[in-house]
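# Architecture and fold: a report
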Amino acid sequence: MSSTATGTARAVVGNRMRYQASRHIKERIVELVLLLSAMVAVFTTLGIVYVLVKESLVFFRAVPIWDFISDSQWTPLFSDAHFGIGVLLSGTLTSSAIALTVAIPLGTIIAIYLSEFASERVREIWKPVLELLAGVPTIVFGYFALFFVTPMLQQFIPGLPGFNLLSAGLVMGVMIVPYISSISEDAMRAVPMSLREGSYAMGATRLQTALRVVVPAAFSGIAAAYILGISRAVGETMIVAVAAGMQPNLTLNPTQPAATITAYIVQVAKGDLPHGSVGYQTIFAAGLTLFLVTLVFNLLGFWLRRRYREVY
Amino acid sequence: MKALDTSAREGMRASIATQKRRELLFSVLGFAALFLMFVTFVALFVDMISSGMDRLTLDFFTHFASRRAEQAGILAAWVGSFTVMLVTAFVAVPIGVGAGIYLEEYAPANKLTAIIEININNLAGVPSIVYGLLALGMFVHTLGLGATVLTAGLTLALLILPIVIVSTREAIRSIPGMIREAAYALGATRWQVVRHHVLPYSLPGILTGVIIGLSRAIGETAPIVTIGAVTFIAFLPESPISSTAPFVSFDWLMSPFTAMPIQIFNWTSRPEAAFQQNASAAALVLVAMTLVMNALAIWLRFRLRRNLKW
C-alpha cells in the first residue's frame, strides 16, 4: 500500500520534471529563434559590406584607386574610360548643399516654433501634417521637381535647363524639413522645464529663452538632426535621378544638370548591363563610396544623440 | 537725478519693446515656415490633380502599360506593388517583431546586444539604394533569385526592418513592469509572459510601426530599380490559387514584376506630354495609398494614446 503510494508520488514527480524539462527546452528554442531574428540586422550589415567590398575589389584591380579619387572625368561606359568619382561627388555635394540650405533653417525655425511658441493645439495639428509630408514617396517629389518647380524657376532664371541641380535640391530640402524639425523638436522638448523657468524668472522673453537656453541645452540633439539630414540628402536618389539629369558633370553650379552618385547607380542599373562587366562593378564602387560617406555621418549622429541623452 | 531715472526708464521701455517686436517677428517667421511647407504640400496635390485627374478612369486601373499613352494603365504596376508588399510584410513582421521582443525582453546587457543595437541604428540611416546593391549582389546574382517579386519583397523587408524593430520596442517599453511581475508571480515562463501579455498589449503600437514601414516600402523606387525590375510588363503573375490540385501555387513569387514607383519613373522619363499625364495620375494613386496608410497609423496612435491608461 505504502509502496504504491510512493510509486504514484514518484510518477507525479517524474511527470512534473518531464514537464519542467520540456517547458525549459521550449523556452530555449523560443529564445534562440528571437535571437536569430535580432541577428538579421547584423547579417544585413555584413551582407552590405561583403557585397560592396567584394565587387569593388574587382573594380579596383582594374582601376587604380588614385585614378578613382583624382581623375576629373567620369566616363565608365565610353571606350576612353575614365573613373573619377569626384565628378559624381560634385553633383551629390551641390544638390545636398542646396537641400540643406533650405532644410536646416526651415527645420530649425519650425522646431523652435512648435516646441517653444505654439500652443498644444497647434502642435497637435501640425505634427501629423509634417509627418504626412515626410511620407510622400520620393519619386513623387522628383516628379514635382521636374514638372512643377523647374518650370516655375525658369520664369525667374532665364535659360535654366530642364534638368538642373537647383530644383532637385530645393525639393529635396523640403522633403528633409520634417526629419530635421521632428528630431530637433524632440531634443528641445527633452530640455527640463526648470531651465526655462529659471530663464523666465530672470525676465527673459520666450525668444531669448529659446535661443539662449533651450537651443544650447539641446544642441547635440539638434546637431544629430542636422547630421541625419545631411546623410539623407547624400543618399537621396529618385529626386535627383528624375529632376537633375543623369549627365556626369564636374560642377558646383546649381543651375546646371549633373549626375549624383545615386543617380548614376540608378542609370546603370536601369539599363541592361552584363553581370561582371566593369560598368557593373562601377556601381558597387560608387555604392561603397556612398555607404562610407553616410556611415561616417550616421555614426557621428548616433554618438551625438547618445551624448545628449546622458545629460538629462 | 530725476532726469537720469526717466532716461533709464525710457531705455528699459525701449529695450522691452525691442524684445517684444523680435518675439512677434519670430512667431510670424515660425508660422510662415509652417505655412510654406503647407503651401508646397498643396501645390504638389493641385499639380497632380490638375494634370492627372482626367486619366483616373476605371480603364487606367485595368489596363497594362502601353506604347500609346491614352491606352496605358497601371494594372501590372499595382498588382506588382501589392504582391511585393505581401512578401515584405510576411518577412519583415515576424523578424522585426521577434527582434524587438528579443531586445526588450530577453537580451542580456552584453557586447552582442550592443552590436545588434548599433547595427539597427546604422541600418536605419543607410541610403535605400545601398539595399538595392545588396540585393543585386546577394539575392539576384549570388543566390540566383533573379529580378523577381521575391527578391523585391525581401529587399524592401530588410529596408523597413529597423522601422518595425524600433516601433515594436517602443510599444513593448510602454507596458508597465508590474504586468510582467504579476504574470511571473503566477509561475509563467518568460515566453508565456510575452505571448499572453506583452505581445497582445503592444499590438496596436506594433501595427502602427508596420503600417508606417509598409507605406515607406510601397513608395521606395531606388532599391527595386537597382535590382533590375522590368519597366514594361503586359502580363500578371500567376494566380496563387488554382482550381486544380495542389490548389496553391507559389509561382508568382518567381515572376518578373513592375511596381507603381517604377511605372511613374518610367513615365516621367518620357518626353511626351501624354505620358506625363499618366505619371501624374499614377503618382496621385501612389500618394493616396501612402497617405491613407500614414493617416491610419497616425489615427491608431492617437486612439492608443487616448485609451491607454495603465
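Residues numbered from 1 in each chain as written. Chains lettered and ligands numbered in written order. Predicted model: local features only at pLDDT ≥ 70, side-chain atom pairs only at ≥ 80, totals over all residues.

## Concerning the overall build of chain B
Worth spelling out the cut-off: Helical segments are the DSSP runs of H or I of at least four residues, strand segments are the runs of E of at least two, and each set is numbered from the N terminus. Computation of the radius of gyration draws on C-alpha atoms, with the globule rule given as 2.2 Å multiplied by the number of residues to the power 0.38. Buried, partly exposed and exposed are defined by the number of other C-beta atoms within 10 Å of a residue's own C-beta, namely 20 or more, between the two limits, and 12 or fewer respectively, with C-beta atoms placed from the backbone.
Tallying secondary structure elements over chain B gives 11 helices and zero strands in all. Start at the N end of chain B and walk to the C end: the helices and strands fall as α-α-α-α-α-α-α-α-α-α-α. Here the C-alpha atoms of chain B give a radius of gyration of 26 Å, more than 25% beyond the 19 Å that 2.2 N^0.38 yields for 310 residues. Among the 310 residues that make up chain B, the fraction classed as buried is 45%.

## Focus: the overall build of chain A
To keep it simple, the criterion reads: A pair of residues counts as a contact when their C-beta atoms, built from backbone coordinates, are within 7 Å of each other.
The helix and strand inventory of chain A stands at 12 helices and zero strands. Secondary structure elements of chain A occur, N-terminal to C-terminal, as α-α-α-α-α-α-α-α-α-α-α-α. Relative to the compact-globule value of 20 Å for 312 residues, chain A shows a C-alpha radius of gyration of 28 Å, a clear excess of over 25%. Its C-alpha atoms give chain A principal-axis dimensions of roughly 105 × 70 × 35 Å. In chain A, which comprises 312 residues, the share counted as buried stands at 47%. Taking contacts inside chain A between residues at least 6 apart in sequence as the whole, the part at least 24 apart equals 74%.

## A short note on helix α8 (residues 190–219) of chain B
As a reminder of what qualifies: How far a helix is expected to stretch is found by multiplying one less than its residue total by 1.5 Å. We define the bend at each residue as the angle formed by axes fitted to the 7 residues ending at it and the 7 residues starting at it.
For α8 of chain B, built from 30 residues, the straight-helix expectation of 44 Å at 1.5 Å per residue is missed by more than 12%, its first-to-last C-alpha distance being only 38 Å. The largest bend in α8 of chain B is about 55 degrees, located at Leu203 of chain B, with the proline Pro204 of chain B one to four residues further on.

## Section: the interface of chain A and chain B
The accessible area lost on association of the parts is a frequent measure of interface size. For clarity, the threshold we go by: Amino acids are sorted into nonpolar (Ala, Val, Leu, Ile, Met, Phe, Trp, Tyr, Cys and Pro), charged (Asp, Glu, Lys and Arg) and polar (every other residue, Gly among them).
With 72 residues of chain A at the interface, the matching set in chain B holds 66 residues. Of the residues in the side of chain A that touches chain B, the class split is 48 nonpolar, 17 polar and seven charged.

## Here's the deal with the packing of helix α6 (residues 165–189) of chain A against helix α9 (residues 219–235) of chain A
Residues and elements named next belong to chain A. Keep this limit in mind: The axes used here are C-alpha line fits, helices contributing only the stretch in contact, and every angle between their N-to-C directions lies in the interval 0 to 180 degrees. Convention used here: angles under 35 degrees read as roughly parallel, angles over 145 as roughly antiparallel, angles from 65 to 115 as roughly perpendicular, and any remaining angle as oblique. Note on convention: the crossing is left-handed when the near helix lies turned anticlockwise from the far helix by less than a right angle, right-handed when the turn is clockwise.
Running from amino to carboxyl end, α6 crosses α9 at an angle of 155 degrees, the nearest separation of the two axes being 8 Å. In terms of orientation, α6 and α9 fall into the roughly antiparallel class. Relative to α9, the crossing made by α6 is right-handed. Contact residues: α6 offers Met172, Ile176, Tyr179, Ile180, Ile183, Ser184, Asp186 and Ala187, while α9 offers Gly221, Ile222, Ala224, Ala225, Tyr226, Leu228, Gly229, Arg232 and Ala233.

## Structural notes on the environment of Val292 of chain B
Residues and elements named next belong to chain B. Inspection of the secondary structure assignment puts Val292 in helix α11 (residues 273–307). Looking at Val292, the number of C-beta atoms within 10 Å reads 12, which means it is exposed. Residues Val292 and Ile211, 81 residues apart in the sequence, show an inter-C-alpha distance of 10.0 Å.

## Quick notes on helix α3 (residues 75–106) of chain B
All names here are of chain B. With 32 residues, α3 should reach 46 Å at 1.5 Å per residue; the first-to-last C-alpha distance of 45 Å fits that figure. At Ala92, α3 shows its largest kink, close to 25 degrees, and the proline Pro94 lies no more than four residues downstream. Most of α3 is tucked away: 25 of the 32 residues are buried.

## Some details on the environment of Phe61 of chain B
Residue and element names in this part refer to chain B. Tracing the sequence through the fold places Phe61 in helix α2 (residues 58–62). With 15 C-beta atoms packed within 10 Å, Phe61 lands in the partly exposed category. It is 51 Å that separates the C-alpha atoms of Phe61 and Leu24, two residues lying 37 residues apart in sequence. Residue contacts for Phe61: discarding those within four places in its chain leaves Gly73, Ile74, Leu75 and Trp78.

## Describing the nonpolar core
We apply this condition: By convention in this section, buried Ala, Val, Leu, Ile, Met, Phe, Trp, Tyr and Cys residues joined through C-beta atoms within 7 Å make up a nonpolar core.
Membership of the largest hydrophobic core comes to 187 residues, with the highest contact counts inside it found for Val171 of chain A together with Ala282 of chain B. Looking at this core element by element, the count peaks at 18 residues for α3 of chain B. Excluding its chain neighbours within four sequence positions, the residues that come into contact with Ala282 of chain B are Ile74, Ala77, Met260, Gln263, Ile264 and Trp267 of chain B.

## With respect to the confidence of the model for chain B
Residues shown with low pLDDT carry predicted positions that ought not to be read at fine detail. Residues and elements named next belong to chain B. We count it as follows: pLDDT measures the predictor's confidence residue by residue and takes values from 0 up to 100.
Chain-level pLDDT for chain B is 86 on average; 91% of the residues reach the 70-or-more range. Ranking the elements of chain B by mean pLDDT puts α2 last, at 79, and helix α6 (residues 149–173) first, at 93. Model confidence for the complex is summarised by a pTM of 0.87, with the ipTM given as 0.86.

## Some thoughts on the packing of helix α7 (residues 193–201) of chain A against helix α8 (residues 206–217) of chain A
A packed helix pair is summarised by two numbers, namely the angle formed by the two axes and the spacing between the axes. All names here are of chain A. Where α7 meets α8, the closest approach of the two axes is 10 Å, and the angle between their N-to-C directions is 155 degrees. Between α7 and α8, the angle is such that the two are roughly antiparallel. Our pair here, α7 against α8, has a crossing hand that is right-handed. Residues Leu195, Arg196, Ser199 and Tyr200 of α7 form the contact with α8, whose own contacting residues are Thr209, Val213, Val214 and Ala217. Classifying every residue of the contact of α7 with α8 by side-chain character gives five nonpolar, two polar and one charged.

## Here's the deal with the confidence of the model for chain A
When the pLDDT values of chain A are averaged, the result is 86; 96% of them are 70 or greater. Per-element confidence in chain A ranges from a low mean pLDDT of 80 for helix α2 (residues 65–70) of chain A to a high of 93 for α7 of chain A.

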